[in-house]
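Architecture and fold: a report
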Amino acid sequence: VSTQSTWGGVETFSDVPIRLNRNLRLGLLAFNRTKQKNLLDTIKAFRKNIQLKDLGIETPAIRNFTTDEVMGNSSDRLAQRFGVSRADQDLFAYNSHTRAAKAHKDGLYDNEITPYEGSIHENLIKGDSTLEKMAKLKPSFRKVEIGGTHTAASSSPLTDGAAASVIMEEETCKKMGYVPKTYIRYWNYTAMDPFNDLLLGPAYSINKILTQSGLTLKDMDVIEIHEAFAGQVLSNVAALDSTDFCKEAFGRSEKIGAIPLDKLNAHGGSLSIGHPFSATGVRLMLTASNRLHRENGRFALIAACADGGLGHACIIERYPQ
């Protein structure tokens, strides 16, 4: 059994692959399986398997394979379900950007970012934005008349990025001369209905991990939740603070409770920093670990949603220095 491992990921959304559309892909595969003795056979096989209407490409979209729904539509429906308003989302997005800008100004990210061409500047953070500017943006996914509230400001942007971490046993870490940051105490993954609960992974995973650990939200000194959408985060917060939801979804007799927003993503999140899919998990872990040391906290709660109706949560504990 390995006592150490390296974890990480990278995304290059600025150069995302563009595919042929599904019908054309299937047609080409079927065409390739046919037996063709001459040019006439080839023409007949091509006409049989590939239609003129099938010629085309698929524009990249964050669309669920099972439901064929773009995530933003799911988050719009979720926000409507939990009573999260457009104003609530704009304020959350505004706070994400202003907090991230202040964190950079204060040097809090200096040791978290590997310089690229000598710079750690992040070009997605809009620290000078205002609520008035955000209020003027049009909904990005659904029309206002049918509950469209998410805009470009309250939706995480497609982002290039990479992150890596080293996880090892404490004894191995000391032998190699490293100073640990945190213990990973508890972790889990959950799955739920992708049609109705696609982005509720954090709520389901947080319920499970608090039950698993015997801890409560009050025990958490630091909380970091992936900001796929402002409405998604706020809907999960509302779900955890709803007696009816916690009773129906988790079988609890009472609600889990309110997440203190001053503890949540105190230095910005995916809305402002960006969301390179394969790198965000490590980024959340690193930010939470560093916050524990700066804020002299003990436990941090980390949670994220994922496409397909998946969720993750973990609880880390500050390593005593």
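Scroll up to find the structure.
Residues numbered from 1 in each chain as written. Predicted model: local features only at pLDDT ≥ 70, side-chain atom pairs only at ≥ 80, totals over all residues. Heavy atoms only, no water.

On the surface, a cluster of nonpolar side chains totalling about 580 Å² of accessible area is made up of W7, I167, I184, W187 and Y189. Examining the composition of the nonpolar patch, we find that three residues originate from one element, strand β5 (residues 182-191), more than from any other. Mapped onto the elements of the fold, I167 is located in strand β4 (residues 161-168). (Patch = residues over 30% accessible without salt bridge, like charges linked within 9 Å, V, L, I, M, F, W, Y side chains within 5 Å. Areas by Shrake-Rupley, 256 points an atom, 1.4 Å probe, with all protein chains shown as cover. Salt bridge = Lys/Arg side-chain N within 4 Å of Asp/Glu carboxyl O. Helix = DSSP H or I, 4+ residues; strand = E, 2+ residues; numbered from the N terminus.)

Now for unusual backbone geometry. Unlike most non-glycine residues, E117 shows phi in positive territory, near 50°. Locating E117 in the fold gives a position in the loop between α4 (86-105) and α5 (131-135). Using a relative accessible area of 71% as the deciding quantity, one classes E117 as exposed. Of note, the phi angle at N296 is positive, near 55°, even though the residue is not glycine. Inspection of the secondary structure assignment puts N296 in the loop between α11 (280-295) and β7 (299-306). (Buried < 20%, exposed > 50% of the residue type's maximum accessible area, 1.4 Å probe, protein only.)

All right, on to the environment of E58 then. Residue position: E58 is located in strand β3 (residues 57-58). Exposure remark for E58: the relative accessible area of 24% places this residue in the partly exposed category. Each C-alpha atom of the pair E58 and R22 lies 8.0 Å from the other, and the pair is 36 residues apart in sequence. Beyond its immediate sequence surroundings of up to four residues, E58 is in contact with I18, R19, L20, N21, R22 and R25. (Contact = heavy atoms within 4.5 Å.)

To continue, consider the side chain of H104. You can see H104 is positioned in helix α4. There is a polar contact of 2.5 Å between the side chain of H104 and the side chain of E122. Among residues more than four places away in sequence, those in contact with H104 are Y109, I113, I120, E122 and I125. (Polar contact = N/O pair within 3.5 Å; in protein donor to acceptor, adjacent residues only side chain to side chain.)

Our focus in this paragraph is the sheet that holds strand β6 (residues 222-225). In spatial order, the strands read β5-β8-β7-β6; together these four strands make up an open sheet with mixed pairing. Unpaired on one side and paired on the other, β5 and β6 mark the two borders of the sheet. Strand after strand, the sheet turns through a mean of 15° between neighbouring axes, direction not considered. Sheet topology places β7 next to strand β8 (residues 310-318); eight bridges connect them, and they run antiparallel. From the neighbouring strand, A306 faces β8, where its bridge partner is L310. Where helix α7 (residues 201-213) meets the sheet, its contacts fall on β5, β6, β7 and β8, and the angle it forms with β5 comes to roughly 125°. (Pairing = 2+ DSSP bridges. Axes fitted to C-alpha atoms, helices over the stretch in contact; angles between N-to-C directions.)

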